[in-house]
Amino acid sequence: MRLVRWFRELPRAGQVGVLIIAMVLLLGLIVPAISPYGVEGTESGSNEAPSLAHPFGTDQLGRDIITRSFAATHLDVFVAVVGVLVPLLIGTVLGALAATTDIRVIRGGIALLIDGINAFPFLILALGVIAVVGTGITGMIVAIALTSWARYAKLARTRAATLRELDFVSALKLLGYSRVRIVIRHILPNCFRETAAYGVSDFTLVILTVAALSFLGAGVRPPTPEWGSMMADGRMFLMSAPWLLVGPGIVLTITAFGVSLIGEALKDRVRA
Amino acid sequence: MIYRVAARSPLLRILGRSLFVAVAVMLVAFSLMRLAPGDPVVVLLGDNATDESIALMRTQLGLNGSYPEQLATYLGGLARGDMGKSVVFGVSVSRLIGQALPVTLQLMLVSITMTVLFAIPISVYVALHPRGRVASLFLIGSSFFVSMPAFFIGLLALLIAAVWLKIAPVAGMVGNLPQAISYLWLPSLVISLSLVPILARVLAASIASTIREEFVEVAIVRGVRGRTFAWRYLLRPSIAPTLSLLSYIVGTLFASAVVVELVFNLPGTGTLLVNAVAGRDYPLVQGIVLISGVFVVLVSTIADIITYKIDPRVAL
């Protein structure tokens, strides 16, 4: 019931976004399940143009592209969800810590890291980390976590610094609550509300980065279906078989579009 | 003492802050190679490498001694412009970057020019007609283009413009600007498509708030019209907030340059980085990552100074 109310109160664009994402996730379950072709099955001719039998065509190994495009949904969304949640958690805690601790080394150290990491273009630093820790799903999540937390930490630090000056915090101090309790019970939840709202709009960036990393050959490895790596295949056959690119590209764009609509709607609500 | 002087001069404070970030950027780039699980030298050379080759590689990568010693070696090298030697190409990293960077910078220059040229008319129109059909179309369209990955737009553009319409070269780049514009306009258009919405949105919001200022009303009453009105009363007072966006835009530019260079086969730092990652060329990866960070710091310092010059109230 709360979910229904939450949905009703969203702006129109946000509702559209929720419907898009629900549809993409649902199709991600249904299409591979009802498809007569396997995700890694190679039973058809290679690089066949879209037809009734293969609405998005087939790829260079004769695999059905619509099946693979939707089979990729859950992997991509999963990596992006983890890639948002882990840095969100780390970043908010470290940011709140930096703003509330009196130990200068910790405060200065976190500040140095926040500024240092945030200065880099996200994709480039993530590529750099992957070069060192290795490719694959784990490498990609590690890279995103190590580089993204600083954005959340910056938000949380600013928020926590404002909060600690507020009257209710002074009141809690007067009541004799310990500093640790004040931070954990009162300041952190407040910071999370702000970083979580940012996290939804960050989701678009992360899902596009996951695809870009795989497109560059630094993320999910074939034959696992993933939008970015499928589109890298499409690049090889751009002239002879452009449908290799278009199928996964459309599903990825629609997903990212849905998420960004939700993000916009939630941002407006936080501001209001 | 130093703090007092710095506190009094906002310019010094901007510079001090940039210096802090620049040091942080160098530390991050330094730590990057030390993130490796296990020994990066063994990863590079394989398990059956001889002890001598391991020792040689360790010296080459600057991995001898304790972390503070390594950091000193690294910073000392940077001071001399020495970023180590590429493991794959066998030449100095600074030389490789020196060859690739001009391509990326030219790509960025054309992209940012295009972005500004598109964004200004759109944002002025949207700010003046906030409830019109164009404004809502712009809002939806901008969400859509931001959601489209640059490599998807890039490959589609390549397919349409270069393969079907044949109005652009398929790949590569010959010479420099201005002749190279025939190679750069399409990749730049691709990059600007995802940047225009971001810039135009901030600019439109800024113009919309400028319009509500009294001096604009007065200008309208006085009958100021046309270009003077658009520039002096609408755009110029609205630029300051967009300048703080500049470092974000340059960062995004650098990142989209990576994928776009790969798509269009441009021999810039992005292509170099992708090859370096594939070949596990640690010094080269570290060098390019560092350059991208330093570049962003440099641009945001300049943006901060310009912002301060335009509107001293903004400087904290």
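What counts as what
- As a convention, each chain's residues are numbered from 1 in the sequence order in which they are written.
- Chain A is the first chain written and ligand 1 is the first ligand written, with later ones labelled in order.
- The model is predicted, so local features are restricted to residues of pLDDT at least 70 and side-chain atom pairs to those at 80 or more, both for listing and for counting; the totals for chains, interfaces and linings are taken over all residues.
- Numbering goes from the N terminus for both helices and strands, where a helix is a DSSP run of H or I of at least four residues and a strand is a run of E of at least two.
- Neighbour density around each residue's C-beta defines its exposure: 20 or more other C-beta atoms within 10 Å make it buried, 12 or fewer make it exposed, and counts between make it partly exposed, where C-beta atoms are placed from the backbone.
- Whether two residues are in contact depends on their C-beta atoms, placed from the backbone: they are in contact if these lie within 7 Å.
- Residues are grouped as follows: nonpolar covers Ala, Val, Leu, Ile, Met, Phe, Trp, Tyr, Cys and Pro; charged covers Asp, Glu, Lys and Arg; every other residue, Gly included, is treated as polar.
- Residue count minus one, scaled by 1.5 Å, sets the expected span of a helix.
- We define the bend at any residue as the angle between the axes fitted to the seven residues before and including it, ending there, and the seven starting there.
- Connectivity within a nonpolar core runs through C-beta atoms within 7 Å, and the core itself is a set of buried Ala, Val, Leu, Ile, Met, Phe, Trp, Tyr and Cys residues.
- Domain limits in this description derive from either an automatic procedure or a database domain assignment.
- Axis lines are fitted through C-alpha atoms, for helices just across the contact stretch, and the angle between N-to-C directions can take any value from 0 to 180 degrees.
- Orientation is classified from the angle alone, with under 35 degrees giving roughly parallel, over 145 giving roughly antiparallel, 65 to 115 giving roughly perpendicular, and any other angle giving oblique.
- By the definition used in this description, the sense in which the near helix is turned from the far one sets the handedness, with an anticlockwise turn below a right angle giving left-handed and a clockwise turn giving right-handed.
- As a per-residue quantity, pLDDT reports the predictor's confidence and falls between 0 and 100.

Focus: the overall build of chain B
Across its full length, chain B carries 15 helices and 0 strands. Each of the 316 residues in chain B was classed as buried or not, and the buried ones make up 39%.

Remarks on the overall build of chain A
Broken down by element type, chain A carries 10 helices and 0 strands. Along the chain direction, N to C, the helices and strands of chain A fall in the order α-α-α-α-α-α-α-α-α-α. With the principal axes as the frame, chain A shows a C-alpha extent of 75 × 45 × 25 Å. By the burial criterion, 51% of the 272 residues in chain A qualify as buried.

Here we look at the interface of chain A and chain B
In this assembly, 41 residues from chain A lie in contact with 43 residues from chain B. Mapped onto the side of chain A that touches chain B, the elements with two or more residues apiece are helix H4 (104-119), helix H5 (122-133), helix H8 (179-215), helix H9 (227-236) and helix H10 (243-271) of chain A. Broken down by element, the residue count for the side of chain A that touches chain B peaks at 11 residues, all from H5 of chain A. Looking at the side of chain A that touches chain B residue by residue, the classes come out as 30 nonpolar, 8 polar and 3 charged.

A few points about helix H6 (residues 136-163) of chain A
Residues and elements named next belong to chain A. With 28 residues, H6 should cover 40 Å at 1.5 Å per step; its first-to-last C-alpha distance of 40 Å lies within 8% of that length. The largest bend in H6 is about 30 degrees, located at Ser 148. Among the 28 residues of H6, 20 are classified as buried, and the element is accordingly described as predominantly covered.

Section: the nonpolar core
Core analysis: the biggest nonpolar cluster contains 155 residues, and Ala 96, Ile 124, Ala 126, Leu 127 and Ile 130 of chain A together with Val 259 and Leu 273 of chain B have the highest contact counts within it. Among the elements that make up this core, the one with the highest residue count is H8 of chain A (16 residues). Both domain 1 (2-79) and domain 2 (101-315) of chain B contribute no fewer than three residues apiece to this core. For Ala 126 of chain A, the residues in contact, after removing those within four places along its chain, are Ala 143, Ile 144, Thr 147, Thr 209 and Leu 213 of chain A.

Overview of the domain arrangement of chain B
Residues and elements named next belong to chain B. Domains assigned within chain B are domain 1 (2-79) and domain 2 (101-315). A C-alpha centroid distance of 31 Å is found between domain 1 and domain 2. Each partner contributes residues to the interface: domain 1 has 15 residues there, and domain 2 has 14 residues. Contributions of two or more residues to the side of domain 1 that touches domain 2 are made by helix H2 (10-33) and helix H3 (40-45).

Digging into helix H14 (residues 269-278) of chain B
With 8 of its 10 residues buried, H14 of chain B lies for the most part within the structure. Where the residues of H14 of chain B are buried, they touch H5 of chain A together with helix H6 (93-128), helix H13 (246-264) and helix H15 (282-310) of chain B. Looking one or two residues past H14 of chain B, Arg 280 of chain B carries a phi angle of roughly 50 degrees, positive in sign.

So, the environment of Arg 221 of chain A
All names here are of chain A. With respect to the element layout, Arg 221 can be found in the loop between H8 and H9. Judged by the 13 C-beta atoms lying within 10 Å of it, Arg 221 falls in the partly exposed class. Measuring from C-alpha to C-alpha, the distance between Arg 221 and Ile 137 comes to 8.3 Å, with 84 residues separating the pair along the chain.

Thoughts on the environment of Arg 201 of chain B
Relative to the elements of secondary structure, Arg 201 of chain B occurs in helix H9 (residues 181-211). Sequence spacing of Arg 201 of chain B and Ala 127 of chain B is 74 residues, and the spatial spacing of their C-alpha atoms is 9.3 Å.

Quick look at the packing of H2 of chain B against H15 of chain B
All names here are of chain B. One can describe the packing of H2 onto H15 by two numbers: an axis separation of 9 Å at closest approach and a directional angle of 165 degrees. Our classification of the angle between H2 and H15 gives roughly antiparallel. Crossing angle aside, the handedness with which H2 passes H15 is right-handed. Residues Pro 10, Leu 11, Ile 14, Ser 18, Val 21, Ala 22, Val 25, Met 26, Ala 29, Leu 32 and Met 33 of H2 form the contact with H15, whose participating residues are Tyr 282, Gln 286, Val 289, Leu 290, Gly 293, Val 294, Val 297, Thr 301, Asp 304, Ile 305 and Tyr 308.

Some remarks on the confidence of the model for chain B
Residue-level pLDDT values for chain B average 84, and 95% of them are 70 or greater. For this predicted complex, the interface score ipTM comes out at 0.87, alongside a pTM of 0.88.

Focus: the environment of Leu 252 of chain A
Mapping Leu 252 of chain A onto the fold places it in helix H10. Sequence spacing of Leu 252 of chain A and Asp 76 of chain A is 176 residues, and the spatial spacing of their C-alpha atoms is 9.0 Å.

A few points about unusual backbone geometry
Residue and element names in this part refer to chain B. Here the phi dihedral of Asn 265 falls at roughly 55 degrees; this positive angle occurs in a residue that is not glycine. By secondary structure assignment, the location of Asn 265 is in the loop between H13 and H14. C-beta crowding within 10 Å serves as the criterion here: with 15 such atoms nearby, Asn 265 is assigned to the partly exposed category. Of note in the backbone geometry, Arg 280 takes a positive phi value of approximately 50 degrees without being a glycine. Following the sequence through the fold, Arg 280 ends up in the loop between H14 and H15.

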